[in-house]
Amino acid sequence: DKANYRHFMAKEIHEQPEVIGQTLAHYVDIANESVALPQELPFNFNEIGHISITACGTAGYAGHIAKYWFERLARLPVELDVASEFRYREAPMRKGDLAVFISQSGETADTLAALRYAKSQGLHTLSIVNVQSSTIARESGTVLQTLAGPEIGVASTKAFTCQLVVLAALAVAAGKARGELSESDEIDLVRALIEIPRLVTAALASEPQIEKLARDIAKSRDVLYLGRGTSFPLALEGALKLKEISYIHAAGYAAGELKHGPIALVDESVPVIVIAPCDRLFEKTISNMQEVAARGGKIILITDASGAAEVSKDALATIVLPKMGTTFTPIVYAIPVQLLAYHTASLMGTDVDQPRNLAKSVTVE
Ligand code: M6R
């Protein structure tokens, strides 16, 4: 049931404050401001040398964001793969290390094959799934569930942000276990997580502005997405979301890669979505944005009020999100990215919930 929404995707975007809150309540002790995983892990993060994260599509981008978190908060190196490559690469893996799999459906054929390979190599396996009764859940050593509820739209939205919440809690747990995070670091990080449902609600308030911007996007042939740090995988996710439901060609890049090729695409007809929360990479991203502005690119900047105050003049439009701590920004910045894809596609009249050529669950390779 779509409630009062035109599409399941719209309903699922709007459910995020609630389902993120539910997922969070499962992984953190809100009263004590500490991480509290629902079960004891059958391995010790201190004995893990590497994490390998494998998934497909949007779930893969959640893993890509988590790579930054595990490396920064737990000083654990992460290798990230798309499952279709990983399964045939015969990567050397160290027995006793940790392999993480992320899947909304829990039935993605490539991700399942990757899981079986990691198991055969003697790794600890941990899966983050939305469907608890799925094959990937059944076959994994540890299952951490996202409490997003059923996701019907082919474009993954609420499952993605809930995956990020679980990965964030897991990265904090790893940092704590490895002595990389003090008790007060943990409190700060958990407080930041607890704030997220409220921040997501505030981000949803940008919808009327985004609906207007979508009119312009809908007329474009190509759209670029740029970001640095955790905003880089979110740029990849933004481009995927727009492509899959509006059929407009889009590509995401690490902002620093711009001058290694993609800037050649920029002219007055190309919208460039710049994802730039006010973190330690802000100035760097902005200098890339100014290179785009100098070539006439139509910039849509996503930042907070202090970012907007500094640089809005170079942008055609600025989507201003609430001020927040810098670590978990992608969970909140995902909202305007999803809304932009949704409103563009819905203006264009495509089949938003069932885009052509795509299936919700990819059970064949
Ligand atoms: O069910 P899974 O999370 O394993 O699915 C992975 C991808 O097929 C999925 O995220 C796909 O990329 C979405 N349609 C993106 O919106």
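Residues numbered from 1 in each chain as written. Predicted model: local features only at pLDDT ≥ 70, side-chain atom pairs only at ≥ 80, totals over all residues. Heavy atoms only, no water.

Under an unreviewed UniProt entry, the name given to the protein is Glutamine--fructose-6-phosphate aminotransferase [isomerizing], and the source organism is Bradyrhizobium cytisi. Comment text from UniProt for the protein, heading Subunit (unreviewed entry), reads "Homodimer." According to its UniProt record, the protein has this under Catalytic activity (unreviewed entry): "D-fructose 6-phosphate + L-glutamine = D-glucosamine 6-phosphate + L-glutamate". (UniProt positions renumbered as here; feature names shortened; annotations may be inferred.)

## Regarding the overall build of the protein
Regarding its fold elements, the protein presents 13 helices and twelve strands. Compactness check: the protein gives a C-alpha radius of gyration of 20 Å against a globular reference of 21 Å for 365 residues, within 12% of the reference. Projected onto its principal axes, the C-alpha positions of the protein cover 55 × 45 × 45 Å. When the 365 residues of the protein are sorted by exposure, 58% land in the buried category. Considering only contacts within the protein whose residues lie at least 6 apart along the sequence, 76% involve residues at least 24 apart. Split by element, the accessible area of the protein, about 14600 Å² in all, is 50% carbon and sulfur. (Helix = DSSP H or I, 4+ residues; strand = E, 2+ residues; numbered from the N terminus. Rg over C-alpha atoms; globule rule 2.2 N^0.38 Å. Buried < 20%, exposed > 50% of the residue type's maximum accessible area, 1.4 Å probe, protein only. Contact = heavy atoms within 4.5 Å. Areas by Shrake-Rupley, 256 points an atom, 1.4 Å probe, with all protein chains shown as cover.)

## What to know about unusual backbone geometry
With a phi angle near 50 degrees, A3 is a residue other than glycine that sits in the positive phi range. Counting through the fold element by element, A3 comes out in the segment before α1 (8-14). For A3, a relative accessible area of 48% puts it in the partly exposed group. Residues other than glycine seldom take positive phi values, yet Y247 does so here, at roughly 65 degrees. Assignment of secondary structure puts Y247 in the loop between α10 (231-246) and β9 (249-254).

## What about the side chain of D110?
Along the chain, the position of D110 falls in helix α5 (residues 109-120). Not counting residues within four places of it along the chain, the set of residues in contact with D110 comprises C56, A83, S84, R87 and E365.

## Quick word on the site of the ligand
Surrounding the ligand, one finds 14 residues, the nearest of these being S103, Q104, S105, T108 and E244. At 2.6 Å from an oxygen atom of the ligand is found a side-chain nitrogen or oxygen belonging to S103. S105 has a polar side-chain atom sitting 2.7 Å from an oxygen atom of the ligand. Secondary structure elements with two or more residues in the shell around the ligand: α3 (57-74) and α10. The residue inventory of the shell around the ligand, partitioned by class, reads five nonpolar, seven polar and two charged. (Near = heavy atom within 4 Å. Polar contact = N/O pair within 3.5 Å; in protein donor to acceptor, adjacent residues only side chain to side chain. Nonpolar A, V, L, I, M, F, W, Y, C, P; charged D, E, K, R; others polar.)

## Quick word on the nonpolar core
In this structure, F45, I51, W69 and F70 are the most contacted members of the largest nonpolar core, which totals 89 residues. The element contributing the most residues to this core is helix α7 (residues 158-177), with 13 residues. Setting aside its immediate chain neighbours within four residues, F45 contacts I51, L76, L98, L170, A173, A174, A177 and R178. Core analysis: the next-biggest nonpolar cluster, separate from the first, contains 19 residues, A255, I263, F282 and A315 among them. (Core = buried A, V, L, I, M, F, W, Y, C linked by side-chain atoms within 4.5 Å.)

## Observations regarding the confidence of the model for the protein
On average, residues of the protein carry a pLDDT of 97, and 100% of them reach 70 or more. Quick note on the complex model: pTM equals 0.98, ipTM equals 0.99. (pLDDT = per-residue confidence, 0-100.)

## Remarks on the side chain of T329
Tracing the backbone through its elements, the reader meets T329 in helix α13 (residues 329-348). Within the structure, the side chain of T329 is placed 3.5 Å from the backbone oxygen of T326, a separation counted as a polar contact. If near-sequence neighbours (up to four positions away) are discounted, T329 is found in contact with T230, P277 and M324.

## As for α13
Spanning 20 residues, α13 covers 29 Å between terminal C-alpha atoms, matching the ideal 28 Å at 1.5 Å per step. Of the residues trailing α13, G349 is marked for its positive phi of about 80 degrees. (Expected span 1.5 Å × (residues − 1).)

## Considerations on the sheet that holds strand β11 (residues 298-304)
Spatially, β9-β8-β10-β11-β12 is the arrangement adopted by the five strands of the open sheet, whose pairing is parallel. If you trace the sheet from one side to the other, it starts and ends with β9 and β12 (317-321), each paired once. Across the sheet, the mean angle from the axis of one strand to that of its neighbour is 20 degrees, orientation sign disregarded. α10 rests against β8 (222-227), β9 and β10 (271-275) of the sheet, and its axis sits at about 175 degrees to β9. Its contacts with the sheet place helix α11 (residues 282-294) against β8, β10 and β11, and it is angled at close to 165 degrees to β11. (Pairing = 2+ DSSP bridges. Axes fitted to C-alpha atoms, helices over the stretch in contact; angles between N-to-C directions.)

## Side note on the pattern of salt bridges
A complete count under the given rule lists 19 salt bridges for this structure. K11 is the salt-bridge partner of E15, the closest N and O atoms lying 3.1 Å from each other. Here D314 makes a salt bridge to K313, at a shortest N to O gap of 3.5 Å. With relative accessibility at 22%, the residue D314 sits in the partly exposed group. When its relative accessible area of 69% is taken as the criterion, K313 is described as exposed. Through salt bridges with shared partners, one network takes in K11, E15 and K158. (Salt bridge = Lys/Arg side-chain N within 4 Å of Asp/Glu carboxyl O.)

## What about the sheet that holds strand β7 (residues 142-145)?
Within the open sheet, the five strands sit side by side as β4-β3-β5-β6-β7. Their pairing is parallel. Sheet topology places β4 (78-82) and β7 at the edges, where each strand pairs with a single neighbour. Across this sheet, the average inter-strand angle for adjacent strands is 20 degrees, counted without regard to direction.

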